[in-house]
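Listed here are the chains, written in short residue letters.
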Amino acid sequence: MAEVLVLIDSVNGNVKKSSLELLTAARALGEPAAVVIGAPGTAAALKDKLAEYGAAKVYVAESDEVDGYLVAPKAEILAAVAGQASPAAILVASTPENKEVAARTAFKIDSGFIADAVDVSADGSATQSIFGGAVSVSSKVTHGIPVVSLRANSVAAEPAPGAAEEVSVPVSLSDGAKAAKVVDRVAEAKGSRPSLQDASVIVSGGRGVGSADNFSVVESVADSLGAAIGASRAATDAGWVPHQMQVGQTGVTVSPQLYVALGISGAIQHRAGMQTSKTIVAVNKDAEAPMFELVDFGVVGDLFKVAPQLAEEISKR
Ligand code: FAD
């Protein structure tokens, strides 16, 4: 069976959930083979998890140099591994950095790149969801090894044992790969809340919240549930919360167990990013808000009255 290369993302020695989803999706196309690129020691910490999620092989490209540069080394290494393995496809998670890696890799191996897919099929075609989920496009790379970026939460990660046979990849970066160097890294201030992509519960606020200060109402519901905080584009565009919190077509795609929407109308572009949530709850003072078409539980009311009661009641349990 042909290999399917999966570029692995990790943080603090843990494989990111999106990479586990890729390993799961890869099984539809062939035998998953993880590609770990990073500083020495990166792969050792990840190997058990990669085996648990079905990686038959783990290509390990480790060097102190790799971390010091932007995307170009990853593309160079991924293209080299592709040359060696002749895989059926290359999958990366749809992050801005990975999409650049993917596009550069496709260029280097003379193939095509499909961005932001929500599914991949055994015949190598990829599905993209466009116009806010109104249209599904099925595309296929017609030349060379398809390179596909898959949106987070499109596929549920499922364990399947893999041998995780380690294959060492020599790292010798070209001058071109070293053209842009990282000069500083500043960790984002992080609270105790889970990240939006990984959270199983998300509480989001929209224009109905009214101001940055009022987002404390959203925070208190989120805190009572141990949830991540999201927002509509209206709220992020207003500067009430950072753009990284935007859920939707041009924001993050999420698929938590529970999604609570406070003061969000349910525009198609917002729904595109959260409509696959398992249970959806909305509070909106407008009974005609489109979000109510989607919800499992809806409360027609003023969020400033309903949300504090909700937080208080949940905190008691
Ligand atoms: P509104 O539509 O203004 O809704 C506010 C809601 O709050 C209303 O339903 C109102 O009844 C309710 N409300 C007001 N006060 C209260 C109260 N006190 N209590 C309870 N309810 C109250 N949007 C996204 O979210 N994500 C995206 O990724 C995204 N991408 C886009 C891409 C494109 C190309 C375009 C054109 C638009 C995109 N948008 C996106 C914007 C989208 O079309 C909507 O404008 C946006 O989602 C609206 O945000 P909202 O629901 O918070 O605001």
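None of these values were measured; they are calculated from a predicted model.

A. Molecular detail of the nonpolar core. Membership of the largest hydrophobic core comes to 32 residues, with the highest contact counts inside it found for Ile8, Leu23, Leu50, Val58, Leu91 and Val120. Broken down by secondary-structure element, the contributors of at least two residues to this core are strand 1 (3-7), helix 1 (17-26), strand 4 (31-38), helix 2 (42-52), strand 5 (57-62), strand 6 (89-93), strand 7 (113-120) and strand 10 (147-150). The element contributing the most residues to this core is helix 1, with 5 residues. Ala61, Ala106, Ile145 and Val169 belong to the second largest nonpolar core, which has 28 residues in total.

B. Region of interest: the pairing of strand 13 (residues 228-231). Along strand 13, one buried face is formed by Ala228 and Gly230 and the opposite face, lined by Ile229 and Ala231, is buried too. Traced from strand 12 (residues 201-205) through helix 5 (residues 215-225) to strand 13, the parallel crossover comes out right-handed.

C. Seen up close, the packing of helix 5 against helix 8 (residues 303-316). In the contact formed by helix 5 and helix 8, the axes pass within 9 Å of each other and the chain directions differ by 20°. Looking at the two axes, helix 5 sits roughly parallel to helix 8. Relative to helix 8, helix 5 is oriented so that their crossing is left-handed. On helix 8, the residues that touch Val217, Ser220, Val221, Ser224 and Leu225 of helix 5 are Leu303, Phe304, Ala307, Pro308, Leu310, Ala311, Ile314 and Ser315.

D. Layout of the pattern of salt bridges. Tallied over the entire structure, the rule returns 13 salt bridges. With a closest N to O distance of 3.6 Å, Lys47 and Glu166 form a salt bridge. With Lys47 in helix 2 and Glu166 in strand 11 (residues 165-168), this pair connects stretches of sequence that are 119 residues apart. Residue Glu166 is classed as partly exposed on the basis of its relative accessible area, which comes to 47%. When the shortest N-O distance is used, the salt bridge between Arg193 and Asp223 registers 2.8 Å. A residue pair is termed long-range when its members are at least 10 positions apart, and Arg193 in the loop between strand 11 and strand 12 and Asp223 in helix 5 qualify at 30 residues. Given a relative accessible area of 31%, Arg193 falls into the partly exposed group.

E. Geometry of the site of the ligand. Near the ligand, the surroundings consist of 25 residues, among which Arg207, Ser232, Thr250, Ser265 and Asn284 are the closest. In the environment of the ligand, an oxygen atom lies 3.0 Å from a nitrogen or oxygen atom belonging to the backbone of Gly263. Between an oxygen atom of the ligand and a side-chain N or O atom of Gln269, the distance comes to 2.8 Å. With the chains in place, 75% of the 990 Å² that the ligand exposes on its own is no longer accessible. Those elements that place two or more of their residues in the shell around the ligand are helix 6 (233-237), helix 7 (268-271) and helix 8.

F. Representation of the packing of aromatic side chains. For the structure shown, the criterion picks out 0 aromatic pairs. In this structure, Lys181 packs its charged tip against the face of Tyr69, placed 5.3 Å from the ring centre.

G. How the structure looks around the sheet that holds strand 8 (residues 126-130). In spatial order, the strands read 9-8-7-10-6-1-4-5-11; together these 9 strands make up an open sheet with mixed pairing. With one partner strand each, in any of the chains shown, strand 9 (135-139) and strand 11 form the two edges of the open sheet. Averaged over all neighbouring strand pairs, the angle between strand axes comes to 40°, with direction disregarded. Pairing of strand 7 with strand 10, which is carried by 3 bridges, proceeds in the parallel orientation. Along strand 10, the bridge assignment pairs Ile114 with Val148.

H. Spatial organisation of helix 1. In terms of burial, helix 1 is a largely internal element, 9 of the 10 residues being buried. Along helix 1, the residues classified as buried are Ser18, Ser19, Leu20, Glu21, Leu22, Leu23, Thr24, Ala25 and Ala26.

I. Representation of the sheet that holds strand 16 (residues 297-300). Ordered in space as 13-12-14-15-16, the 5 strands form an open sheet in which the pairing is parallel. With one partner strand each, in any of the chains shown, strand 13 and strand 16 form the two edges of the open sheet. Taken pair by pair, the neighbouring strands of this sheet meet at an average axis angle of 15°, ignoring direction. Bridge count for strand 12 against strand 14 (residues 258-262) is 5 bridges, and the pairing is parallel.

What counts and what doesn't
- Residues numbered from 1 in each chain as written.
- Predicted model: local features only at pLDDT ≥ 70, side-chain atom pairs only at ≥ 80, totals over all residues.
- Heavy atoms only, no water.
- Core = buried A, V, L, I, M, F, W, Y, C linked by side-chain atoms within 4.5 Å.
- Buried < 20%, exposed > 50% of the residue type's maximum accessible area, 1.4 Å probe, protein only.
- Helix = DSSP H or I, 4+ residues; strand = E, 2+ residues; numbered from the N terminus.
- Right-handed = clockwise from strand over helix to strand, strands pointing away.
- Axes fitted to C-alpha atoms, helices over the stretch in contact; angles between N-to-C directions.
- Parallel < 35°, antiparallel > 145°, perpendicular 65-115°, else oblique.
- Left-handed = near helix turned anticlockwise from the far one by under 90°.
- Contact = heavy atoms within 4.5 Å.
- Salt bridge = Lys/Arg side-chain N within 4 Å of Asp/Glu carboxyl O.
- Near = heavy atom within 4 Å.
- Polar contact = N/O pair within 3.5 Å; in protein donor to acceptor, adjacent residues only side chain to side chain.
- Areas by Shrake-Rupley, 256 points an atom, 1.4 Å probe, with all protein chains shown as cover.
- Phe/Tyr/Trp six-rings, centres within 6.5 Å; stacked < 30°, edge-to-face > 60°.
- Lys NZ or Arg CZ within 6 Å of the ring centre and 35° of its normal.
- Pairing = 2+ DSSP bridges.

Interpretation note: all reported values are geometric properties and have no functional meaning in isolation.
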